[in-house]
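Residues per chain, in single letters:
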Amino acid sequence: MNLPGNLYKLWNRMSSGSYLPPPVRRVNIPKGDSKTETRPLGIPTVADRIAQEVVRRYLEPILEPIFHVDSYGYRPGRSAIDAVRKARQRCWRYDWVLDVDVRGYFDSIDWELLLKAVRTHTDCPWVRLYIERWLKAPVQLEDGSVVARTAGTPQGGVVSPCLANLFLHYAFDMWMAREFPNIPFERYADDLICHCRSEEEARELWSALEVRFGTCRLVLHPQKTRLVYCKDANRRGDYPAQKFDFLGYEFRPRTAVWRDGKLGVSFQPAASPKALKAIRQTFRRWELHRRSDKTLADLAKMFNPYIQGWINYYSHFYRSARRPCSAPYCG
């Protein structure tokens, strides 16, 4: 493999404007723990990934300063845990949550609106040119056929998270700051949580969001978008939905030790049942009972990075949820 020569050829084609992205290979992976629902991923070639990385490194420093403080996804110095921690704090102060789900977001992004946003922040011709080419590159399906696309940015592309953030920055973040400045939110890519003081305020936001997203060629998922009451010991009344999932954590009423040392019910995040089920399924796929040819040291070297990653991520809040429990309000 002539890596320096291949890189030079790629640079030469990009700098001359003659680089044409090849079709993006589409792979469907299971969505969550569903056996039928899948998520389409676009897998670019190695050369295309390098080319997209060049554009991402150019674009990210320009866009980072203008992004909203409550946008957490795919941004340097920010993490999913930061978003979960902020959501936990706000659930204690606000009684209601609007759990927003955008149907097929990455496949629905309107090209013209996105390119308009890109042109607002850069006048660099080659960046504009290649972003447009990547957006319009066809898809190669698993059977080898090539299909044209009319919207979206492939989930799995190097530059796609940056572009997806830019689109929702104008479609949602700045719109919220302008139209509903008193309603805080956390956004991790297209995962959106909005905090409201009353049911009426939440329903007003819901209706306005449907109109706003329709204007931006997006659709709220009718079943997955829902209103949640953040029930705890101090909140009276009741509501059918009292829990929601956000970034692998399930928020719901849980037993907690309050400041005076007494037990009470608090609205808390903990590792979600879906996340724990996915971990158990991964363990089963490893088939450790069939690996008698491996030593304990070999097994530890193979699987400890995965296990440590789960422990690190799900140990931030309500650690007891990682253990089975049947008591009411127990994680």
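Source: prediction; values computed, not measured.

Explain a nonpolar patch on the surface to me, and be specific about the residues and the numbers.
On the surface, a cluster of nonpolar side chains totalling about 430 Å² of accessible area is made up of Leu-7, Val-46, Ile-50, Val-54 and Trp-126. At three residues, helix α2 (residues 46–63) tops the list of elements feeding residues into the nonpolar patch. Position of Val-46 relative to the elements: it lies in helix α2.

Help me get a handle on the pairing of strand β11 (residues 263–271), residues and values and all.
Within β11, eight of the nine residues are buried, which leaves the element mostly enclosed by the surrounding structure. Pairing geometry for strand β10 (residues 249–257) and β11, over nine bridges, is antiparallel. Across the sheet, residue Thr-255 finds its bridge partner in β11, namely Val-265. Here β10 folds back onto β11 in antiparallel fashion, the turn holding five residues, of which Gly-261 has a positive phi close to 90°.

Outline the packing of aromatic side chains, supporting the account with residue identities and numerical values.
Following the criterion strictly, the structure yields 22 aromatic pairs and no others. Aromatic pair Tyr-249 and Tyr-313: ring centres 5.6 Å apart, planes at 50°, arrangement tilted. Of this pair, Tyr-249 sits in strand β10 while Tyr-313 sits in helix α10 (residues 296–314), placing them 64 residues apart in sequence. Chaining the aromatic ring pairs together yields one cluster made of Phe-283, Trp-286, Phe-303, Tyr-306 and Trp-310. The side chain of Arg-78 reaches across the aromatic face of Tyr-72, ending 5.4 Å from its centre.

Tell me what's going on with the confidence of the model for the protein, and back it up with residues and numbers.
Looking at the protein, pLDDT values average 90 and 95% of them are 70 or higher. For the protein, the element scoring lowest by mean pLDDT is helix α1 (residues 3–16), at 82; strand β6 (residues 185–188) scores highest, at 98. Throughout residues 325–331 the model reports pLDDT below 50, and contacts reaching past four residues in sequence, or to other chains, amount to 16 contacts.

Calculation rules
- Residues numbered from 1 in each chain as written.
- Predicted model: local features only at pLDDT ≥ 70, side-chain atom pairs only at ≥ 80, totals over all residues.
- Heavy atoms only, no water.
- Patch = residues over 30% accessible without salt bridge, like charges linked within 9 Å, V, L, I, M, F, W, Y side chains within 5 Å.
- Areas by Shrake-Rupley, 256 points an atom, 1.4 Å probe, with all protein chains shown as cover.
- Salt bridge = Lys/Arg side-chain N within 4 Å of Asp/Glu carboxyl O.
- Helix = DSSP H or I, 4+ residues; strand = E, 2+ residues; numbered from the N terminus.
- Buried < 20%, exposed > 50% of the residue type's maximum accessible area, 1.4 Å probe, protein only.
- Pairing = 2+ DSSP bridges.
- Phe/Tyr/Trp six-rings, centres within 6.5 Å; stacked < 30°, edge-to-face > 60°.
- Lys NZ or Arg CZ within 6 Å of the ring centre and 35° of its normal.
- pLDDT = per-residue confidence, 0-100.
- Contact = heavy atoms within 4.5 Å.

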